[in-house]
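Coordinates in review
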Amino acid sequence: MERLQKVIAQAGIASRRKAEELIVQGKVKVNDELVQTLGTKVSANDKVEVEGVPLEREEPVYFMLYKPRGVITAVADDKGRKVVTDFFVEVPQRIYPIGRLDYQTSGLLLLTNDGAFANAMMHPKHTVDKTYVAKVEGLVKKGDLNEFKKGVELEDGKTAPAKAKVISRDTAKKTSIVELTIHEGKNRQVRRMFEALGFKVLKLKRERYAFLTLQGLNAGEYRELTPHEVKQLRQLAVT
Ligand code: URA
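Just so it is clear, the model here is predicted, and its values are computed rather than measured. (Residues numbered from 1 in each chain as written. Predicted model: local features only at pLDDT ≥ 70, side-chain atom pairs only at ≥ 80, totals over all residues. Heavy atoms only, no water.)

So, the pairing of strand β7 (residues 62-67)
Within a regular strand, the side chains alternate between the two sheet faces. What counts is decided by this rule: Burial here depends on accessible area, computed with a 1.4 Å probe over protein chains only, as a share of the maximum for the residue type. Under 20% is buried, over 50% is exposed, and the range in between is partly exposed. Per the convention used, a helix needs a DSSP run of H or I reaching at least four residues, while a strand needs a run of E reaching at least two, with both numbered from the N terminus. Whether two strands pair comes down to DSSP finding at least two bridges between them.
Among the six residues of β7, six are classified as buried, and the element is accordingly described as predominantly covered. Burial along β7 is two-sided: Y62, M64 and Y66 facing one way and F63, L65 and K67 facing the other are all buried. Pairing of β7 with strand β9 (residues 105-112), which is carried by six bridges, proceeds in the antiparallel orientation. Within β9, the position partnered with M64 by the bridge is L110.

Quick look at the structure:
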């Protein structure tokens, strides 16, 4: 048995708070009866309707994908390009990505059908660290890293202080490999942070999402998160 507001939130219809509002406002029915009491518990066999629309309930599932380059972070593409859910044909649940990685960015991407969980992970107030490794054109110096640490001015605002370190530099080819850890999710943030300092990103990969790594996965492979990992991610999001 689960609390009604949680079931509604998990179906991705609304946040848990909004779900509570819907219940109090008399917009939710359980087995054709209006329910306005918060905390009412329902089982998988109960029929839940929100504003007259039956909730399609699926067991919540959580995955990480090693997204290859050249794949769109979406569930469908009108130009017929490969999308991240193409890797999950044998998964019956209707999952979708949490946040996005650019078409040319590879790396760790979470997918779920749990709307409340996805909202919690993406909420700007929460600080889930994401670590990227970038190959850039040019030789990155210590002073450049300090700029990342201070925050970089972008057209949509200054970035929060990031952790940054140079992994290696190829003085002959004039390229650098830099690891950058950020917790915001501005559009194309890492690429734009490098561009702001005059470096062009040649390759970008997300290697870590909070405590999760890509260990054991090759590009295009996925695995289910363990219940413990899901719990830990939830805990990070509420702190
Ligand atoms: N920052 C970027 O620039 N691209 C991504 O895909 C993710 C973060």
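Quick word on the domain arrangement of the protein
Which entries qualify depends on this criterion: Boundaries of every domain are those given by an automatic assignment or by a domain database.
What the domain assignment reports for the protein is domain 1 (2-54), domain 2 (62-124 + 212-236) and domain 3 (130-209). Centre-to-centre, using C-alpha coordinates, domain 1 lies 44 Å away from domain 3.

Focus: the nonpolar core
Note the following rule: For the purposes of this section, nonpolar cores are sets of buried Ala, Val, Leu, Ile, Met, Phe, Trp, Tyr and Cys residues that join through side-chain atoms within 4.5 Å.
Ranked by internal contacts, the top residues of the largest apolar core, which has 31 residues, are F88, F148, L180, M193 and F194. Breaking this core down by element, the ones donating at least two residues are β7, β9, β10 (130-137), α4 (142-150), β14 (175-182), α5 (189-196) and β15 (200-209). In terms of domain composition, this core takes at least three residues from each of domain 2 (62-124 + 212-236) and domain 3 (130-209).

Focus on the site of the ligand
What counts, and what does not: Proximity is defined per residue: if any heavy atom of the residue lies within 4 Å of a molecule or strand, that residue is considered near it. Polar contacts, as counted here, are pairs of nitrogen or oxygen atoms within 3.5 Å of one another; within protein the pair requires one atom able to donate a hydrogen and one able to accept it, and residues that are adjacent in sequence qualify only if both atoms are side-chain atoms. Surface accessibility follows the Shrake-Rupley procedure with a 1.4 Å probe radius. Residue values consider only the protein chains on display as shielding. By the convention adopted, Pro, Cys, Tyr, Trp, Phe, Met, Ile, Leu, Val and Ala count as nonpolar, Lys, Arg, Asp and Glu as charged, and the other residues, Gly among them, as polar.
For the ligand, the full set of nearby residues is L101, D102, T105, Y132, R188, Q189, V190, R191 and L204. Backbone polar atom of V190 to a nitrogen atom of the ligand: 3.1 Å apart, as the coordinates give it. Separating an oxygen atom of the ligand from a backbone N or O atom of R191 is a distance of 2.9 Å. Notes on the ligand: free accessible area 240 Å², of which the protein chains cover 96%. The biggest single contributor to the shell around the ligand is α5, with three residues. Residue composition of the shell around the ligand, by class: four nonpolar, two polar and three charged. Taken domain by domain, the makeup of the shell around the ligand includes at least three residues from each of domain 2 (62-124 + 212-236) and domain 3 (130-209).

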